[in-house]
Amino acid sequence: IQMFLLTLCSFLFVAIVFLGEDAKADSLTIITTNKSSNSCPSSLLNTQVKDIRGNDVNLCDYYGKVVMVVNIASRGNKVNMRRQYEGLEALYQRYKDNDFVVLAFPSNDFQKYNPDSDTEIEEYARSQYKVTFPMFKRVAVTGAAQSPLFQKLTTEQVGLTRFNNEPVRSNFHKYLINRDGRLVEVFAPTVDPLNPAIRESIERELSVRSISEEREE
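These numbers were taken from a predicted model, which means no experiment stands behind them.

(A) Structural detail: the state of the cysteines. Taken as a whole and judged by the stated rule, the model has one disulfide. A sulfur-sulfur separation of 1.8 Å characterises the disulfide bridge that pairs cysteine 40 with cysteine 60. Residues cysteine 40 and cysteine 60 share a disulfide whose torsion about the S-S bond is about -90 degrees; that sign makes it left-handed. A residue pair is termed long-range when its members are at least 10 positions apart, and cysteine 40 in the loop between helix 1 (2-35) and strand 1 (48-50) and cysteine 60 in the loop between strand 2 (56-58) and strand 3 (66-72) qualify at 20 residues.

(B) Broad picture of the packing of helix 2 (residues 78-95) against helix 5 (residues 196-206). One way to put it is that helix 2 packs onto helix 5 with a least axis distance of 12 Å and a crossing angle of 30 degrees. Taken together, helix 2 and helix 5 sit at an angle that is classed as roughly parallel. Crossing geometry of helix 2 relative to helix 5 is assigned as right-handed. Contacts from Leu91, Arg94 and Tyr95 in helix 2 reach Ile198, Arg199, Ile202, Glu203 and Leu206 in helix 5.

(C) View of the pattern of salt bridges. For the structure on display, the rule yields ten salt bridges. For the salt bridge of aspartate 56 with lysine 50, the shortest nitrogen-to-oxygen distance reads 2.7 Å. Taking the shortest distance from any N to any O, the salt bridge between arginine 204 and glutamate 205 comes out at 3.0 Å. Among the charged side chains, a salt-bridge network with shared partners connects Arg53, Glu122 and Arg126.

(D) The arrangement of the packing of helix 2 against helix 3 (residues 118-129) in detail. Interhelical geometry of helix 2 versus helix 3 gives an angle of 85 degrees and a closest axis separation of 11 Å. On the basis of their axis angle, the class for helix 2 and helix 3 is roughly perpendicular. Here Lys78, Met81, Arg82, Tyr85 and Glu86 of helix 2 lie close against helix 3, whose contacting residues are Tyr124, Ala125, Gln128 and Tyr129. Tallied by class, residues from the contact of helix 2 with helix 3 come to five nonpolar, one polar and three charged.

(E) Here's a closer look at the sheet that holds strand 4 (residues 100-106). Here we have four strands laid out as an open sheet, ordered 4-3-5-6, and mixed in their pairing. Strands with a single pairing partner mark the edges of an open sheet, and in this sheet they are strand 4 and strand 6 (183-187). Neighbouring strand axes in the sheet, compared pairwise and without regard to direction, differ in orientation by 20 degrees on average. Strand direction decides the pairing type here: strand 5 (residues 174-177) and strand 6, joined by four bridges, are antiparallel. Looking at the pairing, lysine 174 lines up with phenylalanine 187 of strand 6. Running at roughly 150 degrees to strand 4, helix 2 makes contact with strand 3, strand 4 and strand 5 of the sheet.

(F) Geometry of helix 5. All of the buried residues in helix 5 are Ile198, Ser201, Ile202, Glu205 and Leu206. In a view along the axis of helix 5, the buried residues occupy a sector of 130 degrees, so they form one face of it. Contact partners of the buried residues in helix 5: strand 3, helix 2, strand 4, strand 5 and strand 6. N-capping of helix 5 is provided by asparagine 195, with a side-chain oxygen placed 2.8 Å from the backbone N of alanine 197.

(G) Main features of helix 3. In this model, helix 3 (twelve residues) spans 16 Å end to end at C-alpha, consistent with the 16 Å of a helix rising 1.5 Å per residue. Taken as a whole, helix 3 has its buried residues at Asp118, Ile121, Glu122, Tyr124, Ala125 and Tyr129. Looking down the long axis of helix 3, one finds its buried residues gathered within 160 degrees of arc, a one-sided arrangement. Structural note: helix 3 exposes Thr119 and Glu123 on the side pointing more than 90 degrees away from its buried face. Packed against the buried residues of helix 3 are helix 2 and strand 4. Backbone geometry just after helix 3 places lysine 130 at a positive phi near 60 degrees.

(H) View of the pairing of strand 4. For strand 4, a buried count of seven out of seven residues is recorded, marking the element as mostly surrounded by other parts of the structure. Judged by which residues are buried, strand 4 turns out to be covered on both faces: Phe100, Val102, Ala104 and Pro106 on one side and Val101, Leu103 and Phe105 on the other are all buried. Here strand 3 pairs with strand 4 via seven bridges, running parallel. Bridge pairing in strand 4 links isoleucine 72 to proline 106.

Reading guide: rules and limits
- Residues numbered from 1 in each chain as written.
- Predicted model: local features only at pLDDT ≥ 70, side-chain atom pairs only at ≥ 80, totals over all residues.
- Heavy atoms only, no water.
- Disulfide = S-S within 2.5 Å.
- Helix = DSSP H or I, 4+ residues; strand = E, 2+ residues; numbered from the N terminus.
- Axes fitted to C-alpha atoms, helices over the stretch in contact; angles between N-to-C directions.
- Parallel < 35°, antiparallel > 145°, perpendicular 65-115°, else oblique.
- Left-handed = near helix turned anticlockwise from the far one by under 90°.
- Contact = heavy atoms within 4.5 Å.
- Salt bridge = Lys/Arg side-chain N within 4 Å of Asp/Glu carboxyl O.
- Nonpolar A, V, L, I, M, F, W, Y, C, P; charged D, E, K, R; others polar.
- Pairing = 2+ DSSP bridges.
- Buried < 20%, exposed > 50% of the residue type's maximum accessible area, 1.4 Å probe, protein only.
- Arc of directions from axis to C-beta.
- Polar contact = N/O pair within 3.5 Å; in protein donor to acceptor, adjacent residues only side chain to side chain.
- Expected span 1.5 Å × (residues − 1).

Dropping the structure here:
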């Protein structure tokens, strides 16, 4: 009987430990799952998208950074393509350690310059121009099928009057978003990524703390 009681106690102890670990894991899963959806509720970055490989991403993951959103192409004038891709990568490399990121969204809206699959688009950009910034699945940036993100970028939902209702005019239209998820500058497709005006705008926004950082003090 004594041996039976010892065995029973050992079994109960192991069961309690396992149940405790399961409960802890469940609570960690809940915390992780809910983190991004609540981190920037009033920001235009509060948008669900898919990365270039099909994984779900909430752009709130980039809240607190200075973000440049740009619609890209995989075909077109090769001189301009090189200037745009290499310029965007140079910006990313120069400022990424200071909380700057380029988010690239392929689009086939203009002269059908992005007819390829997402896999082909990524391979082209990574191999031809050595880009390392985040890329996302192809989206519509104009018209009735316009993606939710570009709807926000081109309408008064952004809350910045001088950019309200300005359509995306071509590939490589650039949108600069500050640390609080607000649109602060729009640069036409013809503007070189390394134009001093772009660098000055990025550096200005990087020097400003977000509202959430100020509240924490």
